[in-house]
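If you want the building blocks of each chain, they are given just below.
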Amino acid sequence: KYSRDSCIVAFGGGVIGDMAGFAAATYQRGINFIQVPTTLLSMVDSSVGGKTGINHPLGKNMIGSFHQPIAVIIDTEILKTLSKRQFNAGMSEVIKYGIIGSKTFLKWLNTNAESILMKKKEYLVKLIYASVKAKSQVVQKDEKESGIRAYLNYGHTLAHAIESSKKYKGILHGEAVSIGMTFASFISAEKSTLSIEEFNLIENTLIKFGLPVSIPHNIPCAKIIKHIDFDKKKKQGKNNFVLLNSIGKCYITNSLDIKYIEKLVKSFQN
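All of these numbers come straight from a predicted model, not from anything done at the bench. (Residues numbered from 1 in each chain as written. Predicted model: local features only at pLDDT ≥ 70, side-chain atom pairs only at ≥ 80, totals over all residues. Heavy atoms only, no water.)

A. Quick look at the pattern of salt bridges. Enumeration over the complete set of coordinates arrives at seven salt bridges. Notably, a salt bridge pairs K135 with D45, separated by 3.2 Å at the nearest N-O pair. Here the residue K135 occupies a position in helix α6 (residues 121-141), and D45 occupies one in helix α2 (residues 40-46), the gap between them amounting to 90 residues. We note that K135, like D45, is buried. Among the ionic pairs, E93 bridges to K96, the shortest N-O distance being 2.9 Å. Pair noted here: E93 and K96 are both in helix α3 (residues 84-101), with a separation of three residues, about one helical turn. K96 matches E93 in its accessibility class, with the two residues each being buried. Taken together, the shared-partner salt bridges connect D45, E93, K96 and K135 into one network. (Salt bridge = Lys/Arg side-chain N within 4 Å of Asp/Glu carboxyl O. Helix = DSSP H or I, 4+ residues; strand = E, 2+ residues; numbered from the N terminus. Buried < 20%, exposed > 50% of the residue type's maximum accessible area, 1.4 Å probe, protein only.)

Structure follows, in structure tokens:
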């Protein structure tokens, strides 16, 4: 007996926000909703931008809709309730904004890792503000991901394949993204577009925040390749990978051969 002037409030992490947003997008063809993210990852990424969806056995967020919240309310005090692992996983998406948009921001994260991990408020406010600003600027230019919004998927092709392979259990989204970003950065360096120094800065920053940089050995390579093949960002039967010319300068390619990816996946397993 709810009406179209009802409003859903999503209080929780990324999964809660996605489910509530998808419900709001489809209930009576769309009602308002408000995001109150409670994890670092949802504060800096999933609560902003209007992507809502639910996972499917064949792929992450395969069912969903674009539906913008009418407000996003972020309280850094909530971050004190997070475990170290959950907080670190959220830092993966923060680091992403440095990798794809600002070497200065990435260096700041690397230099101030200790203060950030101690959850000092002034550092949290700065990194959350910078992340939300970066994402909102991209979304305003390309809400439906027809162009530059795809850069926000840096590292996510492999990340989603890892999550799907593990049936969304045993690995956090941010941890999978960290592996995926290291993978994409390695490809960028191997293609001679990203310098070794910049690759080392990316990898070192992820490691400083306790994030994984290699694929767990207990995931069969064939499963990962299968889920890459189901990636929802494919176009005309080809996978699109976001790579780097340098930190802060992305490009998209569909020219990576699946055999090359398979060989690299095997070499990336610890």
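B. View of the side chain of E163. Locating E163 in the fold gives a position in helix α7 (residues 156-165). Note on E163: relative accessible area 4%, which makes it buried.

C. Molecular detail of the packing of aromatic side chains. With the rule as written, the count across this model stands at five aromatic pairs. Between F105 and W108, the ring centres sit 6.1 Å apart and the planes meet at 10°, which makes this aromatic pair stacked. With F105 and W108 both in helix α4 (residues 103-111), this residue pair falls three residues apart, about one helical turn. Residue classification places W108 among the buried residues on the basis of a relative accessible area of 16%. Relative to F268, the ring of F183 has its centre 5.3 Å away and its plane inclined at 80°; by these criteria the two rings are edge-to-face. One end of the pair, F183, is in helix α8 (residues 173-190); the other, F268, is in the segment after α11 (258-267), and 85 residues separate them in sequence. Residue F183 is classed as buried on the basis of its relative accessible area of 2%. Site record: aromatic cluster; members linked through ring pairs are F183, F186, F199 and F268. (Phe/Tyr/Trp six-rings, centres within 6.5 Å; stacked < 30°, edge-to-face > 60°.)

D. Quick look at the pairing of strand β2 (residues 32-37). Within β2, five of the six residues are buried, which leaves the element mostly enclosed by the surrounding structure. Relative to β2, strand β1 (residues 7-12) runs parallel, the two sharing six bridges. Counted as the bridge partner of C7 is N32 from β2. A crossover connection joins β1 to the parallel β2 through helix α1 (residues 14-26); in handedness this β-α-β unit is right-handed. Relative to strand β5 (residues 71-72), β2 runs parallel, the two sharing two bridges. Bridged to I34 within β5 is A71. (Pairing = 2+ DSSP bridges. Right-handed = clockwise from strand over helix to strand, strands pointing away.)

E. Seen up close, the sheet that holds β1. Read across the open sheet, the three strands follow the order β1-β2-β5; overall the sheet is parallel. The open sheet has two edge strands with one neighbour each: β1 and β5. This element, α1, spans β1 and β2 of the sheet and lies at about 170° to β1. (Contact = heavy atoms within 4.5 Å. Axes fitted to C-alpha atoms, helices over the stretch in contact; angles between N-to-C directions.)

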